[in-house]
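Below, each chain spelled out in residue letters.
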Amino acid sequence: MMLRIACGLCAVAVFVCSTGSALEPPRAAVAWFTDAAIDAAIDESVKVAAPDPVLPAAKGGWGAAVQLTKGVPVEHPVLFQEQGYISFWIRPDWNGNDGKTHRLLHIGDPERNGLLLEKSAKNTLRYVMASPAKSTVARADVSHWKAGEWHHVAIAWFSNGRGIPAGVPLWIDKEAVDGPIASGNAFLDPDAMSDARLWIGDETAQAAMDELVMRYGPETPTERRPLEVVYRDYFRTAPYTQIAIDPEPHGVPSDRRVVNGYHKQYGVQAQLNGRWERITEYVDDHGYGNWATFDAKPLIAWSTSDEAVATVNAQGRVFGHALGRCTVTAEFRGLRASETFEVIALEQPDFDLYVVERLPRYHKYSIKGYPVPGDVVKSVAHIANYGFEPTPAGVPVTFELIPDSNRNFALDADERPVLSRQVMIDMALEPFTETTVEFEWTWPEEPVWVRVTVDPEDGVAEICEANNQLVEINTGRQVIWGYVDDVYKRFYAEKRINLVGSFSLFDWMRTQSDQLRIMLRRAVYSTTSPVGVETDIRVDEFIDFIPGTGPNRPYEWHLEYQDGGFPIGEDDGSHLDAIWSPVVHELGHTMLSLPDLYGYACSSNLILIADGDGTPYAGGPLLPTLGRRGTSILFSPELGVACGTGYSSLMDMVHLWLHPANAGQIQYYLGQRGVAFWGIHGRLIAASRHELYVLDLNDEPLVGAAVYCYQVTNVDTRQADARLIADRPKFKGHTDKRGCFVFPKKTDPNWDDPETDEVDGSVEVWNPFGTATGDIAATPGSWGTDSMLLLKIVSGDQTEFHWLTISMMNVAFFEGGKDRGVYPIRTSLKPHSEPTPLVRKPVPEAIREQNLAPVAKLDGPRRIRVRPGEMIRLDGSASYDPEGQPLLFRWHADGPVKDEDRFCEKAIYEGAAPSDPRRLRDYDIVFQVVDGVRKSESICIEVELIRDEGSAEEDD
């Protein structure tokens, strides 16, 4: 039997055998109709018996399923209040836009103590977590669902590990679609339930359910575990109908053959609902935690037909051992696919068309110098032999211009050349030599694809056939790659093969920008459809990047022509057989002008907003802290998943995923040069009116709610690009009968007092909503958190916080809201019968006329000498604010000491000097004080370490 013992927040399940000894509860449980193999070594799963009477059987995507015709109970042996997780596949008999309610599962009382998952009459999938105090709702639009198609759904709940409930994430088809903070809501309490079983379906469900998995929980939201759980359950249980070998598993051109003595990577694609999806990813994450870690690779068994010709490892990497033909086979969950390939000799030439430059070049900041219709331009094809035998003479090279007649900025099969020329390479190319072929042509009125092909009939036997053709649109943005000549030569001399299947470092470098192009096209269509990307990237030059300083660096000579690019100093070659995500991340800076998003993990000590009793919200139930240190308030504004359980975008954790809020800027900035060519993060595309639409927990307009909008101050904390959010809203007001809050044109002078603030008075307060036309520059440091807005929404006695970023707001522009920006916010707040009063915190009289910066005071010398490990004590209690406002103190050890960089109420610093021999070097301790809006001048204490003769002085 099983007993439940209440223990603080968590209800602990204790399993007791007949002898009375306690057993550990299982980590996972599956329903009786779950046929997929759940890895017991990882999950320790148990199977729950079918109820009596049982639901009727249905054809599952993997074995049997059940048809949800009535509500039936499922024992839930791993049900805990602190955290939990449930996932399953659903095949509805209805379309997602049918306007009806379909209940899929629930536990307990969905109104007061339980959870509910249903497709609502408003065509959203709603996941409700209810307590007597408050319900929290995660939801997502599923109006696109079609009857008869399978979808994977996962729901979870977790606390922050310190007794405060946190997120309730919802995943659909392994994408985190929502995940609000529980906002003070206690999760379900199994001990207070008369029935703590999981009930699946009822008469309204009208769907088949398969592969129901219940787990103890997704673990911590700040680690990889939630992604791992969702991804692994998805790939273990997905109702795939067919698989196929993917000879280009990186998504970029790759030769399908294997070079003898070398390797080639193969992947797998699988078919679901009639569509193919990649189930293997091969990305070198360089320690950034790429989501590809959790794909289907561990579940695939590989083999070859003749191990004397080729062998394959567990990752699908084939190694050639002898010339000949061979078959590679992948087996995945009962499905099987094979691909026949050839192992070819290394001793062959290899034509490599590695770049087609265009002359004359235009200055990157100049529109005037860009070609116009009628101009004569020249394309110069650079063709090298990166094989190990000479190429023959007389090999043709074709040049074609193909109009983008469909105007979709993709080269389609029905688009035909209007110009075609052919020349011969009239000489043989020795290994590691190159030649050039030139073509003159007239710049057309409309965009054209420029296609250059070496050996178009494949008449020459080569090592790699995937690097003989380049297709680039003439209006594409020119990119310059820098490389280190010694490394480039060494990789060829040492015969380092790359993911393309060649021995050219240039080919590998191109794949990185090709990956970014794939990401752009994938991301941009949702915001610029049906046109999509209206420009592209074209690689124009590879330049030797000489390390060091001085005016004679070839790479720097050409920077004036570079619209984007990146210098590569790769030295060990460990990334040549993969997409290298850190490089693609850097291309996001240089090619797209996108900022880092690391600052979006905001520390609780930087949010100074307090309730009516003066208690800070940050760190409490409404803004819980997460993470190991317990100081970060995590949210993912680019995904809208407040509890941080989705994989991040390219500029955050370097995952190969780009958000449409960034990618959509391509269309808007078409035809402009310079730093604002594409990236406008931190800048608001101005509309004449900006409206926030607030919805309640039932997706109805929330009428009469009080809205407070906070923005970061000008106080730079030097902490992850974050700035203080002071307890002074920039905007405030009520929602109208449509649930609409219109952002005012002017900030509230009673709270923001720009005329009297010493900083904000001299530098105009940035109001992103104050101008109807043109772009409005963000405050300095727009690569950080200046473009974040923190919204406090109050309805009656219930309060919630929501983050809103300007990059997300720009999506409304790209989706067609040119004149009026509309930004919906879905809350879990209940409607209130009367308008909620706006609480106005008084502005202290002392700062109504003048608000001067505080003054930092620190007694003692500005340079001190200490021994390794010696305690240092500094006293800043003499610091003051001229108006008598309370102070926050900031101590920052700049150097080998990793003290926590934060504002606090402690005027005393106590910390030990470094004792690790590797960190024995002098450093600084910087001291500042802040009055909530303004900061003092910094005081720097130089710390000199007294080292014994011969002690190590190595840096990290």
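Residues numbered from 1 in each chain as written. Predicted model: local features only at pLDDT ≥ 70, side-chain atom pairs only at ≥ 80, totals over all residues. Heavy atoms only, no water.

K.L.:
It is not clear to me how the sheet that holds strand β30 (residues 351–359) should be interpreted in this structure. Could you clarify?
P.N.:
Two modes of strand pairing occur in sheets, parallel and antiparallel, and in both the strands are linked by backbone hydrogen bonds. Taken in spatial order, the three strands of this open sheet run β30-β31-β34, and their pairing is antiparallel. The open sheet has two edge strands with one neighbour each: β30 and β34 (433–442). Strand after strand, the sheet turns through a mean of 20° between neighbouring axes, direction not considered. (Pairing = 2+ DSSP bridges. Helix = DSSP H or I, 4+ residues; strand = E, 2+ residues; numbered from the N terminus. Axes fitted to C-alpha atoms, helices over the stretch in contact; angles between N-to-C directions.)

K.L.:
How should I be thinking about the packing of aromatic side chains in this particular structure?
P.N.:
For any pair of aromatic rings, the description rests on two quantities: the centre-to-centre distance and the angle between the ring planes. For the structure shown, the criterion picks out 34 aromatic pairs. Taking 5.0 Å as the distance between ring centres and 90° as the angle between the ring planes, the aromatic pair formed by W32 and F33 counts as edge-to-face. With 6.2 Å between their ring centres and 80° between their planes, Y386 and Y488 make a pair best called edge-to-face. With Y386 in the loop between β31 (376–385) and β32 (395–403) and Y488 in helix α3 (residues 485–493), the pair connects residues that are 102 residues apart, well separated along the chain. Across the pair, Y488 and Y386 agree in class, each one buried. The side chain of K119 reaches across the aromatic face of W94, ending 5.7 Å from its centre. (Phe/Tyr/Trp six-rings, centres within 6.5 Å; stacked < 30°, edge-to-face > 60°. Buried < 20%, exposed > 50% of the residue type's maximum accessible area, 1.4 Å probe, protein only. Lys NZ or Arg CZ within 6 Å of the ring centre and 35° of its normal.)

K.L.:
Mind showing me how you'd approach the side chain of D696 here?
P.N.:
Turning to its location among the elements, D696 is positioned in the loop between β44 (689–695) and β45 (706–711). One buried charge, D696, has no salt-bridge partner; the nearest side chain with opposite charge is R139, at 5.7 Å. When residues no more than four places from it in sequence are discounted, the contact partners of D696 are R139, P701, L702, T827, L829 and P831. (Lys, Arg positive; Asp, Glu negative; His and termini not counted. Salt bridge = Lys/Arg side-chain N within 4 Å of Asp/Glu carboxyl O. Contact = heavy atoms within 4.5 Å.)

K.L.:
Which parts of the structure should I look at to understand the pattern of salt bridges?
P.N.:
A side chain with one charge can pair with a side chain of the opposite charge if their charged atoms come near. Tallied over the entire structure, the rule returns 35 salt bridges. We note a salt bridge from D540 to R538, for which the minimum N-O separation is 2.7 Å. An identical accessibility class is assigned to D540 and R538; each is buried. The partner of D736 in a salt bridge is R738, and the shortest N-O contact between them spans 3.0 Å. R738 sits in the partly exposed class, given a relative accessible area of 40%. Linked through salt bridges whose partners overlap, the residues forming this network are E118, R126, R139, D699 and R826.

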